[in-house]
Amino acid sequence: MSMQRAAWYAVYTRSRHEKQVAAFLERQQIEVFLPLRRAWSTRQDRKVTIEIPALPGYLFVRCVLYPEIRALIKRPTGVLRLVENVGQPAVIPDTQIESLRRALAHSFNAEGHPYLKVGDRVRVARGPMEGTEGYLARVAENKHRLVIAVDYVNQALSVEIDANLVEPVE
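J.: What is the right way to look at the pairing of strand E3 (residues 36–42) in this model?
T.: On any regular strand, side chains alternate: one points to one face of the sheet, the next to the other face. Pairing analysis gives seven bridges linking E3 to strand E4 (residues 47–53), with the strands arranged antiparallel. Opposite arginine 37, over in E4, you have isoleucine 52 as the bridge partner. Hairpin connection from E3 to E4: four residues lie between these consecutive antiparallel strands.

Below, the structure written as structure tokens:
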């Protein structure tokens, strides 16, 4: 019989249930990684540091996905599903989990960022071009290239824009 190796899997949770689900799974002796980022929260009289999920709605479990383990992971009401790829639970590469851990351990102002790729339809969220919609023609570290296409006239305009100003169009 082949020995299965433990792997990382992503668990998709209900909004604001990440910490409860993580605590439940840890009590079941399942290895859990809930990426948390530090952020400022303003109380009535002062600012305090709080830890909030870095990837809202997601946490990661490292296990061998035997049917009974899978059933245990799905038991909490806060769990919506295991993230899948072509109908199978998707294995998350160890290197990606390690990168998340390292980035969160060494930064204060980490923030979630929409996963954007060339061809995605996006909207400018802030700044003088707020509300503008277009397609990403180039994705770079700090400057994306936004293409604003005009349907039916077969014309388009391409502009540079700060990467942190665009968000995906749902």
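J.: I'm lost on the environment of isoleucine 30 in this one. Help?
T.: Structurally, the position occupied by isoleucine 30 is in the loop between helix H1 (18–27) and strand E2 (31–33). Apart from residues lying up to four places away in sequence, isoleucine 30 is in contact with Leu25, Val61, Ile69, Leu72 and Ile73.

J.: In this structure, what is going on with the side chain of glutamate 18? I would like to understand it.
T.: Within the secondary structure, glutamate 18 is located in helix H1. Despite its burial, glutamate 18 pairs with no opposite charge; the closest candidate is arginine 16, at 7.2 Å N-O. Of the polar contacts made by the side chain of glutamate 18, one reaches the backbone nitrogen of glycine 57; its length is 2.6 Å. In this structure, glutamate 18 is in contact with Thr13, Leu34, Pro53, Pro56, Gly57, Tyr58 and Leu59, ignoring residues within four places of it in sequence.

J.: Mind showing me how you'd approach the nonpolar core here?
T.: Counting 18 residues, the largest nonpolar core has Tyr9, Val11, Leu25, Leu59, Val61 and Ile73 as the members making the most contacts within it. Secondary structure elements with two or more residues in this core: strand E1 (7–13), H1, strand E5 (58–63), helix H2 (67–74) and strand E6 (79–82). It is H1 that provides the largest number of residues to this core, a total of four residues. If near-sequence neighbours (up to four positions away) are discounted, isoleucine 73 is found in contact with Val11, Leu25, Ile30, Val61, Cys63, Leu65, Val79 and Leu82. Counting nine residues, the second-largest nonpolar core is a separate cluster that includes Val122, Leu146, Ile161 and Val166.

J.: Sorry if this is basic, but what is going on with the side chain of aspartate 120 here?
T.: Looking at the secondary structure, you find aspartate 120 in the loop between helix H3 (94–105) and strand E10 (121–124). Residue aspartate 120 is classed as buried on the basis of its relative accessible area of 15%. A distance of 2.9 Å separates a polar side-chain atom of aspartate 120 from the backbone nitrogen of lysine 117. Excluding its chain neighbours within four sequence positions, the residues that come into contact with aspartate 120 are Tyr115, Gly134, Tyr135 and Leu136.

J.: Even after reading the chapter, I still don't get the packing of aromatic side chains, so can you show me in this structure?
T.: What describes a pair of aromatic rings is the distance from one ring centre to the other and the angle between the planes of the rings. A complete count under the given rule lists two aromatic pairs for this structure. For the ring pair tyrosine 12 and tyrosine 58, a centre distance of 5.0 Å and an interplane angle of 35° mean the geometry is tilted. Of the two residues, tyrosine 12 sits in strand E1 while tyrosine 58 sits in strand E5, which places them 46 residues apart along the sequence. With 6.3 Å between their ring centres and 25° between their planes, phenylalanine 33 and phenylalanine 60 make a pair best called stacked. Here phenylalanine 33 is found in strand E2, whereas its partner phenylalanine 60 is found in strand E5, with 27 residues between them in sequence. In this pair, the class of phenylalanine 33 matches that of phenylalanine 60, namely buried.

J.: Whenever I open this one, the environment of valine 139 confuses me. Can you help?
T.: As for its placement among the helices and strands, valine 139 is situated in the loop between strand E11 (133–138) and strand E12 (143–150). For the pair valine 139 and valine 118, spaced 21 residues apart in the sequence, the C-alpha separation amounts to 6.2 Å. When residues no more than four places from it in sequence are discounted, the contact partners of valine 139 are Leu116, Lys117, Val118 and His144.

J.: When you look at the pattern of salt bridges in this model, what are you seeing that I'm missing?
T.: Oppositely charged side chains may form a pair once their charged atoms are brought near each other. Applying the stated criterion across every chain, the model contains 12 salt bridges. By sharing partners, the salt bridges in this structure join Arg121, Arg123, Glu133 and Glu167 into a single network.

J.: Looking at this structure, I do not really get unusual backbone geometry. What am I missing?
T.: Note: most residues except glycine have negative phi, and most peptide bonds are trans. Backbone geometry places glutamine 29, a non-glycine residue, at a positive phi of 65°. Along the chain, the position of glutamine 29 falls in the loop between H1 and E2. Its relative accessible area of 71% is what places glutamine 29 among the exposed residues. At valine 86, a residue that is not glycine, the phi angle is positive and equals roughly 45°.

The rules we used
- Residues numbered from 1 in each chain as written.
- Predicted model: local features only at pLDDT ≥ 70, side-chain atom pairs only at ≥ 80, totals over all residues.
- Heavy atoms only, no water.
- Pairing = 2+ DSSP bridges.
- Helix = DSSP H or I, 4+ residues; strand = E, 2+ residues; numbered from the N terminus.
- Contact = heavy atoms within 4.5 Å.
- Buried < 20%, exposed > 50% of the residue type's maximum accessible area, 1.4 Å probe, protein only.
- Lys, Arg positive; Asp, Glu negative; His and termini not counted.
- Salt bridge = Lys/Arg side-chain N within 4 Å of Asp/Glu carboxyl O.
- Polar contact = N/O pair within 3.5 Å; in protein donor to acceptor, adjacent residues only side chain to side chain.
- Core = buried A, V, L, I, M, F, W, Y, C linked by side-chain atoms within 4.5 Å.
- Phe/Tyr/Trp six-rings, centres within 6.5 Å; stacked < 30°, edge-to-face > 60°.

Without other data, these values stay purely geometric and don't point to any function.
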